[in-house]
Amino acid sequence: MSSNSRVNTIARHINPTSGTMSISLWSGVPQAPPDPILGITEAFKADPATAAKLNLGVGAYRTEDGKPLVLKVVRRVEQAIVSDMSRNKEYLPMGGNAEFCKLSRALILGNDSRAIAEKRVATVQALSGTGALRVSAEFLSKFYPNAPIFLPNPTWGNHNKIFPNGGVKIMSYRYYNPATRGLDYDGMCADLQAAPEGSIVLLHACAHNPTGVDPTPEQWAGILAVVVARRLLALFDSAYQGFASGSLDRDAQAVRMFTQAGLELIICQSYAKNMGLYGERVGALSVVCKNEDNAKRVESQLKMVIRPMYSSPPAHGAAIAEMILGTPQFYEEWKVELKMMADRIILMRQMLHTELGKLGTPGNWRHILDQIGMFTYTGLAPKQVENMTVKHHIYMTKDGRISMAGLSSTRCSQLARAIDDSIRNY
């Protein structure tokens, strides 16, 4: 019998119409629920109200015209990289681009960092902030076992999935106070004080997602005192350095405060927002250790986590970031563009606050100015959010979070009127 005949004979046996093996191996796989953010984008795209609709759910910077932005310095650097015929497409090492790693830890810890000078910081390139968090989770489950990680309530939704999938139990601590639309500092400190000694605590380095509420420098000092007293391991998620205030140094203050106190800690960095390298997946994972020997061993084990997970990271995005961070001219150009993005977001906050004031919208809207970074927690209830979408074609997450980076000066009054209507009638 020919091979084709044998294949046809087998095919007849497994043909669904024959009843033999008619049930798929994957029949029991349930349909996954839609991602909350991506679901908003899909609904937005399907809305026929082209002129009126506004998507404030996406966590990405938009221009005044509502378009994605590629930084000018990124375009220039990318052209230089593509034109360099000496570059190749070989694999990077497991730990990634070594120069990029060196520059990344200096960016977050400062060029004068004692920890860097003492060579006790282990750094590997990661698949943006998400990848850094996932590698850290698996590393912790293996070398810091049985310790739960305390997440702020609320936090970025992916935190609640990354750590359990990496083998780390999650718990929560109070963070946001709905009554004040600000930080629940007393509740946060009380919950961390009550955490089991040696627990892990995830802290947003700046521009807390989703609330936009950050501790003051004095509050950070108080949080540090609790971390020291309870021997907690701090894990910083730094997704917005320079993007929040417009200052790279200011947005790194909390991380540097903890490091200067002599603590061992973990830092997850992303270049998605501050360089606009969303699709390039560029990030870094650093572990600050007690000494150089520890750092070497930690770095070796981080690579062992990476090897079976994705083997090695992509080269292109890291090369862009390396050239920007390592070339004084490009670095200065980047800081100017970074501040431009941050300043536009701050301006949108001011304009929205002004428009709500003109309308006399019930309530105190000072929190729009007080919160920082890409997102604002409006305080809108689910019914009000539904009205915003159904009646006004303005899309946001169900918890009332809006992306200020998706707003433009020409749409501020539209947003304010929609909020006013929702507050007064729902």
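Quick note: structure is the one above.
This structure is a prediction, so every number in the text was calculated from the model and none was measured.

Thresholds, definitions, all that
- Residues numbered from 1 in each chain as written.
- Predicted model: local features only at pLDDT ≥ 70, side-chain atom pairs only at ≥ 80, totals over all residues.
- Heavy atoms only, no water.
- Pairing = 2+ DSSP bridges.
- Helix = DSSP H or I, 4+ residues; strand = E, 2+ residues; numbered from the N terminus.
- Axes fitted to C-alpha atoms, helices over the stretch in contact; angles between N-to-C directions.
- Contact = heavy atoms within 4.5 Å.
- Parallel < 35°, antiparallel > 145°, perpendicular 65-115°, else oblique.
- Nonpolar A, V, L, I, M, F, W, Y, C, P; charged D, E, K, R; others polar.
- Patch = residues over 30% accessible without salt bridge, like charges linked within 9 Å, V, L, I, M, F, W, Y side chains within 5 Å.
- Areas by Shrake-Rupley, 256 points an atom, 1.4 Å probe, with all protein chains shown as cover.
- Salt bridge = Lys/Arg side-chain N within 4 Å of Asp/Glu carboxyl O.
- 1 Å grid on protein atoms, 1.4 Å probe; cavity = no way out; pocket = protein on both sides within 12 Å on 5 of 7 lines; lining within 4 Å.
- Points joined across faces, edges and corners; volume = space filled by probe spheres on them.
- Buried < 20%, exposed > 50% of the residue type's maximum accessible area, 1.4 Å probe, protein only.
- Core = buried A, V, L, I, M, F, W, Y, C linked by side-chain atoms within 4.5 Å.
- Right-handed = clockwise from strand over helix to strand, strands pointing away.
- Phe/Tyr/Trp six-rings, centres within 6.5 Å; stacked < 30°, edge-to-face > 60°.
- Polar contact = N/O pair within 3.5 Å; in protein donor to acceptor, adjacent residues only side chain to side chain.
- Arc of directions from axis to C-beta.

### Some points on the sheet that holds strand E8 (residues 233-238)
In any sheet, the strands associate via hydrogen bonds between backbone groups, in a parallel or an antiparallel arrangement.
So, point 1. On the basis of which strands lie adjacent, the open sheet formed by seven strands has the order E2-E10-E9-E8-E7-E3-E4 and mixed pairing. The strands lining the two open edges of the sheet, one partner per strand, are strand E2 (121-127) and strand E4 (170-174). Strand-to-strand twist in this sheet, taken as the mean axis angle between neighbours without regard to direction, amounts to 25°.
So, point 2. Pairing of E8 with strand E9 (residues 265-270) involves five bridges; the strand directions are parallel. Pairing of Ala234 across the sheet is with Leu265, part of E9.
So, point 3. Those strands touched by helix H4 (residues 98-109) are E2, E8, E9 and strand E10 (282-288), and its axis lies near 110° from that of E2.
So, point 4. Its contacts with the sheet place helix H11 (residues 292-309) against E2 and E10, and it is angled at close to 15° to E2.

### Here's the deal with the packing of helix H3 (residues 72-83) against helix H13 (residues 328-359)
So, point 1. Between H3 and H13, whose axes approach to 8 Å, the crossing angle comes to 150°. Of the possible angle classes, the one that applies to H3 and H13 is roughly antiparallel. On the side of H3, the interface is formed by Lys72, Val73, Arg76 and Val77, while H13 contributes Gln329, Phe330, Glu333, Trp334 and Glu337.
So, point 2. The residue makeup of the contact of H3 with H13, split by class, is four nonpolar, one polar and four charged.

### Quick word on a nonpolar patch on the surface
So, point 1. On the surface, Leu25, Trp26 and Val29 cluster together into a nonpolar patch covering about 430 Å² of accessible area.
So, point 2. Summarising the element assignment, Trp26 is placed in the loop between helix H1 (3-14) and helix H2 (36-46).

### Here we look at the layout of surface pockets
Empty pockets left among the atoms are what a rolling probe the size of a water molecule brings to light.
So, point 1. Its volume calculated, the largest pocket comes out at about 1200 Å³.
So, point 2. Of all the elements in the fold, those that place two or more residues in the lining of the largest pocket are H2, helix H6 (128-143), helix H7 (159-165) and helix H15 (382-390).
So, point 3. Looking at the lining of the largest pocket, the element that brings in the most residues is H2, giving seven residues.
So, point 4. Of the residues that constitute the lining of the largest pocket, the class distribution is 22 nonpolar, 16 polar and nine charged.
So, point 5. Considering only enclosed or pocket space, the second largest pocket measures out at about 650 Å³ in volume.

### Let's talk about the environment of Leu71
So, point 1. Here Leu71 lies in the loop between strand E1 (54-55) and H3.
So, point 2. A relative accessible area of 1% places Leu71 in the buried class.
So, point 3. Distance from Leu71 to Tyr426, taken between C-alpha atoms, is 41 Å for residues 355 residues apart in sequence.
So, point 4. Non-local contacts of Leu71, meaning those with residues more than four positions away in its chain, are made with Asn274, Met275, Trp334, Glu337 and Met341.

### Description of the nonpolar core
So, point 1. Counting 59 residues, the largest nonpolar core has Trp334, Leu352, Leu415 and Ile419 as its most contacted members.
So, point 2. Of all the secondary-structure elements, those providing two or more residues to this core are H3, H4, E10, helix H12 (316-326), H13, H15 and helix H16 (412-425).
So, point 3. Per-element accounting of this core gives the leading share, eight residues, to H13.
So, point 4. Not counting chain neighbours up to four residues away, the residues in contact with Leu352 comprise Ile368, Ile402, Met404, Cys412, Leu415, Ala416 and Ile419.
So, point 5. Counting residues in each nonpolar core, the second largest holds 34 residues, with Ala205, Leu263, Leu265 and Tyr377 among its members.

### Some words on the pairing of E4
So, point 1. For strand E3 (residues 149-153) and E4, the ladder comprises five bridges, and the chain directions are parallel. Looking across to E4, one finds that Ile149 is bridged to Ile170.
So, point 2. Crossover E3 to E4 through H7 is right-handed.

### Regarding the packing of aromatic side chains
So, point 1. Summed over all chains, the structure comprises 10 aromatic pairs.
So, point 2. Ring geometry for Phe236 versus Phe258: centroids 5.1 Å apart, planes at 90°, classification edge-to-face. Of this pair, Phe236 sits in strand E8 while Phe258 sits in helix H10 (residues 253-260), placing them 22 residues apart in sequence.
So, point 3. A residue is classified by how much of its surface remains accessible, and Phe236, at 0% relative accessible area, is buried.
So, point 4. Among the residues examined, Phe258 registers a relative accessible area of 0% and is labelled buried.

### Let's talk about the side chain of Ser199
So, point 1. Mapped onto the elements of the fold, Ser199 is located in the loop between helix H8 (185-194) and strand E7 (200-204).
So, point 2. Engagement of the side chain of Ser199 in a polar contact is seen with the backbone oxygen of Pro196, the distance being 2.6 Å.
So, point 3. With sequence-adjacent residues up to four places away left out, Ser199 is seen in contact with Pro148, Phe150, Leu232 and Leu233.

### Remarks on H2
So, point 1. Among the residues making up H2, those that are buried are Ile40, Thr41 and Phe44. On an axial view of H2, the arc spanned by its buried residues comes to 95°, and they lie on one face. For H2, the exposed residues lying more than 90 degrees away from the buried face are Pro36, Leu38, Glu42, Lys45 and Ala46.
So, point 2. Looking at the packing, one finds that the buried side of H2 touches E1 and strand E12 (394-395).
So, point 3. Where H2 starts, the residue carrying a side-chain oxygen 3.0 Å from the main-chain nitrogen of Ile37 turns out to be Asp35.

### Let's talk about the pairing of E10
Side-chain positions along a regular strand alternate between the two faces of the sheet.
So, point 1. In terms of burial, E10 is largely enclosed, as seven of its seven residues are buried.
So, point 2. The pairing of E2 with E10 spans seven bridges and is classified as antiparallel. Counted as the bridge partner of Ala122 is Val287 from E10.
So, point 3. Pairing between E9 and E10: six bridges, direction antiparallel. Residue Ile266 lies in a different strand from E10, and its bridge partner there is Val287.

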